[in-house]
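Structural overview
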Amino acid sequence: NAGVTQTPKFQVLKTGQSMTLQCAQDMNHEYMSWYRQDPGMGLRLIHYSVGAGITDQGEVPNGYNVSRSTTEDFPLRLLSAAPSQTSVYFCASRPGQTNEKLFFGSGTQLSVL
Amino acid sequence: AQSVTQLDSHVSVSEGTPVLLRCNYSSSYSPSLFWYVQHPNKGLQLLLKYTSAATLVKGINGFEAEFKKSETSFHLTKPSAHMSDAAEYFCVVSFYYNQGGKLIFGQGTELSVKP
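Residues numbered from 1 in each chain as written. Chains lettered and ligands numbered in written order. Predicted model: local features only at pLDDT ≥ 70, side-chain atom pairs only at ≥ 80, totals over all residues. Heavy atoms only, no water.

Digging into the overall build of chain B
Across its full length, chain B carries one helix and twelve strands. Taken from N to C terminus, the helices and strands of chain B fall in the order β-β-β-β-β-β-β-β-β-β-α-β-β. For chain B, whose C-alpha radius of gyration is 14 Å, the value lies close to the compact-globule estimate of 13 Å for 115 residues. C-alpha extents for chain B along the principal axes are approximately 45 × 30 × 20 Å. Here chain B holds 115 residues, and 46% of them are scored as buried. In chain B, the proportion of contacts linking residues at least 24 apart, taken out of those at least 6 apart, comes to 56%. About 5500 Å² of surface is accessible on chain B, with carbon and sulfur atoms providing 49% of the total. (Helix = DSSP H or I, 4+ residues; strand = E, 2+ residues; numbered from the N terminus. Rg over C-alpha atoms; globule rule 2.2 N^0.38 Å. Buried < 20%, exposed > 50% of the residue type's maximum accessible area, 1.4 Å probe, protein only. Contact = heavy atoms within 4.5 Å. Areas by Shrake-Rupley, 256 points an atom, 1.4 Å probe, with all protein chains shown as cover.)

Written as structure tokens, this is what we have:
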């Protein structure tokens, strides 16, 4: 199993550009989520989904959109990138809403100039 | 409000000495608690979790943590540090009953291990 796959690993954007961070999992997990990691702030939840067609906001959703058309995929869209969105982004999944462990992708390092 | 606080942003130990990484939480509900580890340029890996069974939880690589409800703490320990333990550690709390299982991450503790 590949687990949770994130692409790209690195990305540089100019302010105002848009892009999509891809996340796919092959474990048939219902729950998927996006976090951003910034120094001294731990991981903060951006958006999450408890199943196909269902998404909800986390702590820091502004500037980001998500959709969940399939169980496997959970892309994160930056509509108009800002320097404040420079961060490392992690996608994670787990089975259902139980308190089971999260499976993390390897991360995407994003720089917005 | 629910929150989690890691009391040290950086801990430095010598190889072979004990490790203590401190975590306190605040909640009106019974939490589930996790410790995750992140090695440089890698994703996060689960070390251990507490979900209202035994209060002393054993994890991978010799780590363990004790849930103390009276102190609202979940400190991570290891009797003898190894060089490979150098990483960032995150204490994580899940408040299932009122937030649908969303996780709240602490700010992280960077562990350095000196030879």
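What about the sheet that holds strand β7 (residues 64-66) of chain A?
Residue and element names in this part refer to chain A. Spatial ordering of the open sheet is given by β1-β3-β8-β7, a layout of four strands whose pairing is antiparallel. Pairing within the sheet leaves two strands with one partner each, and these edge strands are β1 (4-7) and β7. For this sheet, the mean inter-axis angle between neighbouring strands, taken without regard to orientation, is 20°. Judged from the four bridges that link them, β1 and strand β3 (residues 19-25) form a sheet pairing that is antiparallel. Note that in β3 the partner of Gln-6 across the bridge is Cys-23. (Pairing = 2+ DSSP bridges. Axes fitted to C-alpha atoms, helices over the stretch in contact; angles between N-to-C directions.)

A look at the interface of chain B and chain A
Facing 21 residues of chain B, the contacting portion of chain A comprises 20 residues. If you look at where chain B meets chain A, you find zero salt bridges. Taken together, the links from chain B to chain A amount to three residue pairs in polar contact (both at pLDDT 80 or more). Within the residue set of the side of chain B that touches chain A, elements represented by two or more residues are β5 (32-38), β6 (44-50), β10 (87-94) and β11 (103-105) of chain B. No other element matches β5(B), which puts four residues into the side of chain B that touches chain A. (Salt bridge = Lys/Arg side-chain N within 4 Å of Asp/Glu carboxyl O. Polar contact = N/O pair within 3.5 Å; in protein donor to acceptor, adjacent residues only side chain to side chain.)

What to know about the layout of surface pockets
In this structure, the largest pocket spans a volume of roughly 530 Å³. Every residue lining the largest pocket is counted, 23 residues in all, and those nearest its centre are Gln37(A), Val88(A), Gln38(B), Asn41(B) and Lys42(B). When contributions to the lining of the largest pocket are tallied by element, the ones reaching two or more residues are β9 (87-94) and β11 (108-112) of chain A together with β10 of chain B. Looking at which element gives the most residues to the lining of the largest pocket, the answer is β10(B), with three residues. Residue classes in the lining of the largest pocket are distributed as seven nonpolar, eleven polar and five charged. (1 Å grid on protein atoms, 1.4 Å probe; cavity = no way out; pocket = protein on both sides within 12 Å on 5 of 7 lines; lining within 4 Å. Points joined across faces, edges and corners; volume = space filled by probe spheres on them. Nonpolar A, V, L, I, M, F, W, Y, C, P; charged D, E, K, R; others polar.)

Here's the deal with the side chain of Ser49(A)
Residues and elements named next belong to chain A. In this structure, Ser-49 sits in strand β5 (residues 43-51). Of the polar contacts made by the side chain of Ser-49, one reaches the side chain of Arg-68; its length is 2.7 Å. When near neighbours in sequence (up to four residues on either side) are disregarded, Ser-49 contacts Glu-30, Tyr-31, Met-32, Ile-54, Thr-55, Arg-68 and Phe-74.

Focus on the nonpolar core
Core analysis: the largest hydrophobic core is formed by 27 residues, its most contacted members being Trp35(B), Leu48(B), Phe74(B), Leu76(B) and Tyr89(B). Residue contributions to this core peak at four residues, all from β10(B). Excluding residues within four positions of it along the chain, Tyr89(B) makes contact with Gln6(B), Leu21(B), Trp35(B), Tyr36(B), Val37(B), Leu47(B), Phe63(B), Leu76(B), Gly108(B), Thr109(B) and Leu111(B). Residues Met19(A), Trp34(A), Tyr64(A) and Leu110(A) belong to the second largest nonpolar core, which totals 19 residues. (Core = buried A, V, L, I, M, F, W, Y, C linked by side-chain atoms within 4.5 Å.)

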